[in-house]
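Below, each chain spelled out in residue letters.
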Amino acid sequence: MDKKQHQQQQLSLAKSYRLRCNEWIFQDVPSDITIEVSGAMFALHKFPLVSRSGRIRKLVAEHRDSDISKVELLNLPGGAEAFELAAKFCYGVNFEITSANVAQLCCVSDYLEMTEDFSKDNLGSRAEEYLESIVCKSLEMCVEVLQQCENLLPLADELKIVSRCIDAIASKTCAEQIALSFSRLEYSSSGRLHMNKQAKCEGDWWIEDLSVLRIDLYQRVMVAMKFRGVRPESIGASLVNYAQKELTKKSCLWNSSSQTKVDLASGSSGHEQLVVETIVSLLPLEKLAVPISFLFGLLRSAVMLDCAVSSRLDLERRIGSQLDIATLDDLLIPSFRHAGEIDTLFDVDTVHRILVNFTQQDDSEDEMDDASVFEPDSPHSPCQTALFRVAKLVDNYLAEIAPDANLKLNKFLVIAETLPEHARTIHDGLYRAIDIYLKAHQCLSDTDRKKLCKLIDFQRLSQEAGAHAAQNERLPLQAMVQVLYFEQLRLRNALCSSYADDDHKPAHQSWRISSGALSAAMSPRDNYASLRRENRELKLELARLRMRLNDLEKEHVCMKRQMQKSHSRKFMSSFSRKIGKLSFFGHSSSRESTSPSRHSHRTDSRVIERTCASTD
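Let me sum up the structure you'll find in this document. (Residues numbered from 1 in each chain as written. Predicted model: local features only at pLDDT ≥ 70, side-chain atom pairs only at ≥ 80, totals over all residues. Heavy atoms only, no water.)

## With respect to the overall build of the protein
Phase 1 of the analysis: Across its full length, the protein holds 28 helices and five strands.
Phase 2 of the analysis: Within the protein, buried positions represent 41% of all 616 residues.
Phase 3 of the analysis: For the protein, the share of sequence-separated contacts (at least 6 apart) that also reach a separation of at least 24 residues comes to 70%.
Phase 4 of the analysis: Within the structure as shown, the protein displays about 35300 Å² of accessible surface, and the carbon and sulfur contribution to it stands at 52%. (Helix = DSSP H or I, 4+ residues; strand = E, 2+ residues; numbered from the N terminus. Buried < 20%, exposed > 50% of the residue type's maximum accessible area, 1.4 Å probe, protein only. Contact = heavy atoms within 4.5 Å. Areas by Shrake-Rupley, 256 points an atom, 1.4 Å probe, with all protein chains shown as cover.)

## So, the pairing of strand S1 (residues 33-37)
Phase 1 of the analysis: Among the five residues in S1, four count as buried, and that is most of the element.
Phase 2 of the analysis: Pairing analysis gives five bridges linking S1 to strand S2 (residues 40-44), with the strands arranged antiparallel. Bridging from a neighbouring strand, Ile-35 pairs with Phe-42 of S2.
Phase 3 of the analysis: Where S1 folds back on S2, the antiparallel hairpin that results is connected by two residues, among which Ser-38 adopts a positive phi of roughly 55°. (Pairing = 2+ DSSP bridges.)

## Some points on helix H7 (residues 139-149)
The periodicity of an α-helix, 3.6 residues per turn, causes residues three or four places apart in sequence to face the same way.
Phase 1 of the analysis: Of the residues making up H7, those classed as buried are Leu-139, Cys-142, Val-143, Val-145, Leu-146 and Cys-149. Buried positions in H7, seen along its axis, are confined to an arc of 165° and lie on one side of it. (Arc of directions from axis to C-beta.)

## Quick look at the sheet that holds S2
Phase 1 of the analysis: Here we have three strands laid out as an open sheet, ordered S2-S1-S3, and mixed in their pairing. The two strands at the open ends of the sheet, each matched to only one other strand, are S2 and strand S3 (70-72). Shown here is a sheet whose adjacent strand axes are inclined to one another by a mean of 20°, direction ignored.
Phase 2 of the analysis: By the bridge criterion, three bridges tie S1 to S3 in an arrangement that is parallel. (Axes fitted to C-alpha atoms, helices over the stretch in contact; angles between N-to-C directions.)

## Here we look at the packing of helix H5 (residues 102-111) against H7
Phase 1 of the analysis: Closest axis-to-axis distance for the H5/H7 pair is 8 Å, and the angle between their directions is 50°. As judged from the angle between their axes, H5 and H7 are oblique. In this structure, H5 contributes Val-102, Ala-103 and Gln-104 to the contact, and H7 contributes Val-145, Gln-148 and Cys-149.
Phase 2 of the analysis: Partitioned by chemical class, the residues of the contact of H5 with H7 number four nonpolar, two polar and no charged. (Parallel < 35°, antiparallel > 145°, perpendicular 65-115°, else oblique. Nonpolar A, V, L, I, M, F, W, Y, C, P; charged D, E, K, R; others polar.)

## Things to note about the packing of aromatic side chains
Phase 1 of the analysis: By the definition in use, this model includes three aromatic pairs.
Phase 2 of the analysis: The ring of Tyr-111 carries the charged tip of Arg-55 above its face, separated from the ring centre by 4.1 Å. (Phe/Tyr/Trp six-rings, centres within 6.5 Å; stacked < 30°, edge-to-face > 60°. Lys NZ or Arg CZ within 6 Å of the ring centre and 35° of its normal.)

## A short note on the pattern of salt bridges
Phase 1 of the analysis: Within the structure shown, the criterion is met by 17 salt bridges.
Phase 2 of the analysis: As a salt-bridge pair, Asp-216 and Arg-214 come within 3.0 Å of each other at their nearest N and O atoms.
Phase 3 of the analysis: Judged by its relative accessible area of 32%, Arg-214 falls in the partly exposed class.
Phase 4 of the analysis: The partner of Arg-353 in a salt bridge is Glu-316, with the nearest N and O atoms 3.0 Å apart. Taken together, the residues span a long stretch of sequence, with Arg-353 in helix H17 (residues 348-363) and Glu-316 in helix H15 (residues 309-321) at a distance of 37 residues.
Phase 5 of the analysis: By relative accessible area, which is 1% here, Glu-316 ends up buried.
Phase 6 of the analysis: Salt bridges sharing common partners tie together Glu-128, Glu-132 and Arg-164. (Salt bridge = Lys/Arg side-chain N within 4 Å of Asp/Glu carboxyl O.)

## Observations regarding the side chain of Ser-138
Phase 1 of the analysis: With respect to the element layout, Ser-138 can be found in the loop between helix H6 (123-133) and H7.
Phase 2 of the analysis: Owing to a relative accessible area of 19%, Ser-138 belongs among the buried residues under this scheme.
Phase 3 of the analysis: Reaching out from Ser-138, the side chain makes a polar contact with the side chain of Glu-140 at a distance of 3.2 Å.
Phase 4 of the analysis: There is a polar contact of 3.4 Å between the side chain of Ser-138 and the backbone nitrogen of Met-141. (Polar contact = N/O pair within 3.5 Å; in protein donor to acceptor, adjacent residues only side chain to side chain.)

## Some words on the packing of helix H12 (residues 232-247) against helix H14 (residues 292-304)
Phase 1 of the analysis: Two elements in contact, H12 and H14, have axes separated by 12 Å at closest approach and are oriented at 35°. Viewed along their axes, H12 and H14 form a crossing whose handedness is left-handed. From H12, Leu-239, Val-240, Ala-243 and Leu-247 reach across to H14, where they touch Phe-294, Leu-298 and Ser-301. (Left-handed = near helix turned anticlockwise from the far one by under 90°.)

## Observations concerning the environment of Trp-205
Phase 1 of the analysis: Relative to the assigned elements, Trp-205 resides in the loop between strand S5 (193-195) and helix H10 (206-210).
Phase 2 of the analysis: Among the residues examined, Trp-205 registers a relative accessible area of 33% and is labelled partly exposed.
Phase 3 of the analysis: The spacing of Trp-205 and Thr-173 is 32 residues in sequence and 9.4 Å in space, taken between C-alpha atoms.
Phase 4 of the analysis: Beyond its immediate stretch of four places on either side in the chain, Trp-205 contacts Leu-139, Glu-140 and Glu-176.
Phase 5 of the analysis: Here the side chain of Trp-205 touches Glu-176 through a polar contact of 2.7 Å, side chain to side chain.

## A look at the environment of Ile-354
Phase 1 of the analysis: By the element assignment, Ile-354 lies in helix H17.
Phase 2 of the analysis: Along the chain, Ile-354 and Ser-321 lie 33 residues apart, while their C-alpha atoms are 8.7 Å from each other.
Phase 3 of the analysis: Sequence-distant contacts of Ile-354, that is, excluding residues within four places in its chain, are made with Phe-296, Leu-299, Glu-316, Ile-319, Gly-320 and Leu-323.

## Digging into unusual backbone geometry
Phase 1 of the analysis: A cis amide bond links Leu-153 to the next residue, Pro-154, at an omega of 5°.
Phase 2 of the analysis: Within the secondary structure, Pro-154 is located in the loop between H7 and helix H8 (155-158).
Phase 3 of the analysis: In the Ramachandran plot, Ser-38 falls in the positive-phi region, its phi being about 55° despite a non-glycine side chain.
Phase 4 of the analysis: Mapped onto the secondary structure, Ser-38 falls in the loop between S1 and S2.

## Considering the nonpolar core
Phase 1 of the analysis: Membership of the largest hydrophobic core comes to 147 residues, with the highest contact counts inside it found for Ile-35, Phe-83, Leu-210, Met-222 and Leu-323.
Phase 2 of the analysis: At ten residues, the largest contribution of residues to this core is made by helix H19 (residues 382-401). (Core = buried A, V, L, I, M, F, W, Y, C linked by side-chain atoms within 4.5 Å.)

## Points about the environment of Gln-482
Phase 1 of the analysis: Topologically, Gln-482 is positioned in helix H24 (residues 477-499).
Phase 2 of the analysis: You can call Gln-482 partly exposed: its relative accessible area is 32%.
Phase 3 of the analysis: Separated by 24 residues in sequence, Gln-482 and Phe-458 have C-alpha atoms that sit 7.2 Å apart.

See the structure below:
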């Protein structure tokens, strides 16, 4: 039925071309050649055609003896519509060259060899002139020409129609962004030139225009714009807009609650798979160039569409580098079931790989300058703050996936153990998740329950969580004993802090530190920061010491010369007074006391020893 409808459509199309052709050909002269293009017949005359077209001239010359009357032009770019325009040009019929037909005219003129070699001011030169002088000056026209080139490849690429339009788009967008940046510059009250961040950025109007391109041409445009230096935020906004148009046709791609596998045999799924993989390859390297929710949406689509492993790993690495700004809904990636398989509700393996990427990025982060890595008055480094946020996020995620009956213990454990010990200062969230898992999996053995409870540091439970754990019958007996013991210690210390004298307070504080509740919150990175700060202070102290010694030597030489000249006791007494006034560590450190005491003397000797050690 479809084949029959296609034949009827071809017949009606050929009939319409024949009727239109009769309107502008010579009616008083009978046609002597018939041109067939894509099923459409054109009854024309040889003379107008051979005077403009080198290809038709060669065909007629080859069959001069047989008096050729019919020619079929195979694979003519643009089909019958493009040939009709070329034939009109041969007959001298006026028509308008526009952005909608200039690509076809360039290709058909190349196919028919309508160049300056056969006729002056031919169709090829006319189309090229319009493309260069009109189309390449307008971004909208370039986009429209690229749309026409989708059906003219690879000839349009060989004629460099595509590359010229892409270069024009990239250069125009870059120039407009530079001009917009200059327009946002203003002088502050102090007379300094700065960027006004509150001004609206309206230089990305082209984002909507580019979303109509086919994915292969869109990719080439984005690559050219990156090369030209278009802002990563603008590239990211364009990718988000394009993905939303191409991928939200199937609502389940962006719906985290959907758990139905896409039918990969459908024709649209192959296109969407190509879109996802292409967009992933075009993502800017800069963080926050695209929202993290968009990265998670791409990851869900990549999992659902069985995209390339490299694309999924790239997304997981990007998400891991900024996991501290993610939400619980982002992490709830559904596990798409295959036929006959029993799987968990959520994709735990993918989340585990994201967590591994986060921890590896935290450990292997490049060192920054000493003055900007750690602030002396901040309790934690930025990475430590990110660890706290991710730890809270992971605890909430564990509590969300814990009720799943198909969730194996080893998967639960591997998620909980991915983060280092110093990531959690309070274990209330982890205890809540483990309690939910124990409640949903009551068939666990005592050994498995002990494995779970080993994750919890009962010293880091709040008073409410400790009270709940002391009465929780789902916990193994050994865990309950630990809870009761630490609750008893907490109660005793609370009583001691209420009634004890000030002399007892240091003992109470030392017990808390030795218990590990406070020291565990200090990460190796923070310890390293403290050592680096101390090392810098010692180096400064050593520099001051050398300067004072140099000053002392100079003054000593000067005084010695004066002593040799005067030999007076009065000068000697003044010299001794000056020597007594000199002090190596009187103003050397802002943290040390200047008053002479045993403590300051011990501190000075300790600083000298550590300074000598650092110089070694």
